[in-house]
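# Chains, contacts and geometry: an overview
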Amino acid sequence: MNKFALTGHPLGHTMSPLIHDRLFALSGRKDSEYGLIDIDPADIPTSRELFETLCGLNVTIPHKQIVIPLMDSLDETAARYNAVNCIMNDNGRLIGYNTDCTGFLRSAETLHVGGKTCILGCGGVGRMIAIESALHGADITLAVIPQDVKAAQLLMAEILEKCGNVSVKIADIASLDDSFDLLINATPVGMYPKVDACPVNDKVIEQSGSVFDVIYNPTETLLMKKARALGKTAIGGTAMLVYQAVRAHEIWYGGEFKADDVAKIITEVEDAVNEMNKK
C-alpha cells in the first residue's frame, strides 16, 4: 500500500482526507491511502525516518517551515516562500514544494489577478497571494490594521525585492477609499463561527470588480454574499484548498484531472462543510 498523509499540530477537523481520497479514486489508485499524522513541533527534527516511510505528505501549520531542514532539496515554490506544504519522497530523497501558490492561481483563473489588486491582510496566505499577484503584474495595495503596518512594510520590501519594478502601497483597512479590479480577503474576518463579520465596508465592495476570499468555512462569507448581490464574481477558499491538493497529486505521481471532476470535488467539500456547520 502506498501511504500518504497530512501532518500538523493540532490537526483537528480537516477536509484533506476527503479531498485526497477522491483524487486517488479519480486516478484509479486503489493501492494508495491517505491518513493524518499529528506531530508535536518539538518532534519534527527527529521525524525524518517517519517521513521516509511515506510516498508523500501534505504539511500544515505549524510545520511548514520547521520541516525544511529535513528536506534534501526545495522546489522553487518552497524556496520562494520559505514554506513547505507538500513533500515528495523520491526514492528516499525528500523534496519540499509549496502548492498553495498554484492553488490560488488556478482557483482565481477567472479573475483579473494581474490588475489593480487590494489584499486584506499580510500574514502567511496574504504574503503568498501578494507575491504571486505581483509576479503576474498586479498593482498591489496591502490593506491592514494599524498593528500590522510593520509587517506590511516588511512584505512590501520583499515584494519589491522579488518582483522588481512593481507598484506596492500600504493602506489602513478601515479607511480604504479606492476602486480595485480585484479585492482579496486574506484575513480570518468572516470565518465560522463569526459569520456576520465583513472585513471591509460596503463602498469598498461596490468599487471592486470581483472578490476572492481565502476562507472556506463558511463556503459563502458575508463579503462574498455582498459582492454577489451586486452582480460581482466572488470565489471562496474551497477551490484553492482543492486545487492545492490537485497539485500535490501531480507532483507525487503525475496525476491528471479534468476540470469537471475537480469542480465536483469542490462542491462535495462545500456540502460537507455546510453539513458540519449544521451539527
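Refer to the structure above for everything that follows.
Residues numbered from 1 in each chain as written. Predicted model: local features only at pLDDT ≥ 70, side-chain atom pairs only at ≥ 80, totals over all residues. Heavy atoms only, no water.

## Some points on the overall build of the protein chain
- In terms of helices and strands, the protein chain carries 10 helices and 12 strands.
- With respect to the three principal axes, the spread of C-alpha positions in the protein chain is 55 × 40 × 30 Å.
- Counting across all 279 residues of the protein chain, residues that qualify as buried make up 50%.
- For the protein chain, the computed accessible surface area is about 12700 Å², with 51% contributed by carbon and sulfur atoms.
- One finds the centroid of the 25 positive side-chain charges in the protein chain at a distance of 2 Å from the centroid of its 36 negative side-chain charges. (Helix = DSSP H or I, 4+ residues; strand = E, 2+ residues; numbered from the N terminus. Buried < 20%, exposed > 50% of the residue type's maximum accessible area, 1.4 Å probe, protein only. Areas by Shrake-Rupley, 256 points an atom, 1.4 Å probe, with all protein chains shown as cover. Lys, Arg positive; Asp, Glu negative; His and termini not counted. Charge placed at Lys NZ, Arg CZ, Asp CG, Glu CD.)

## Some words on the nonpolar core
- Judged by nonpolar contacts, the single largest core of 31 residues is most densely connected at Phe104, Ile119, Leu142, Ile159 and Phe212.
- Looking at which element gives the most residues to this core, the answer is helix H5 (residues 124–135), with 5 residues.
- Here Ile119 is in contact with Gly126, Ile129, Ala130, Ser133, Ile140, Thr141, Leu142, Ala143, Ile184 and Ala186, once residues within four sequence places are set aside. (Core = buried A, V, L, I, M, F, W, Y, C linked by side-chain atoms within 4.5 Å. Contact = heavy atoms within 4.5 Å.)

## Section: the sheet that holds strand S3 (residues 56–59)
- Read from one edge to the other, the open sheet built from 6 strands follows the order S2-S1-S3-S5-S6-S4, with strand pairing classed as mixed. If you trace the sheet from one side to the other, it starts and ends with strand S2 (32–38) and strand S4 (73–74), each paired once.
- Pairing analysis gives 2 bridges linking S4 to strand S6 (residues 93–97), with the strands arranged parallel. Bridging from a neighbouring strand, Leu74 pairs with Gly96 of S6.
- The sheet strands contacting helix H1 (residues 16–26) are strand S1 (2–8), S2 and S3, and the helix crosses S2 at an angle near 160°.
- Strands in contact with helix H9 (residues 237–253) are S1, S2, S3, strand S5 (86–90) and S6; relative to S5, the strand with the most contacts, it is inclined by about 10°. (Pairing = 2+ DSSP bridges. Axes fitted to C-alpha atoms, helices over the stretch in contact; angles between N-to-C directions.)

## Focus on the packing of aromatic side chains
- Evaluation of the coordinates by the stated rule reveals 4 aromatic pairs.
- Measuring from centroid to centroid gives 6.1 Å for Phe24 and Tyr253, while their planes differ by 25°, and the two rings are stacked. Of the two residues, Phe24 is situated in helix H1 and Tyr253 in helix H9; the sequence distance between them amounts to 229 residues.
- We classify Phe24 as buried; its relative accessible area is 2%.
- A relative accessible area of 22% means that Tyr253 is categorised as partly exposed.
- Aromatic rings pair up to connect Phe4, Phe24, Trp252 and Tyr253 into one cluster.
- Geometry around Tyr253 places Arg29 over its ring, the cationic atom sitting 4.0 Å from the centre. (Phe/Tyr/Trp six-rings, centres within 6.5 Å; stacked < 30°, edge-to-face > 60°. Lys NZ or Arg CZ within 6 Å of the ring centre and 35° of its normal.)

## Some points on the environment of Asp31
- Turning to its location among the elements, Asp31 is positioned in the loop between H1 and S2.
- Sequence separation between Asp31 and Met1 is 30 residues, and the spatial gap between their C-alpha atoms is 5.0 Å.
- Filtering out sequence-adjacent residues up to four positions away, Asp31 remains in contact with Met1 and Asn2.

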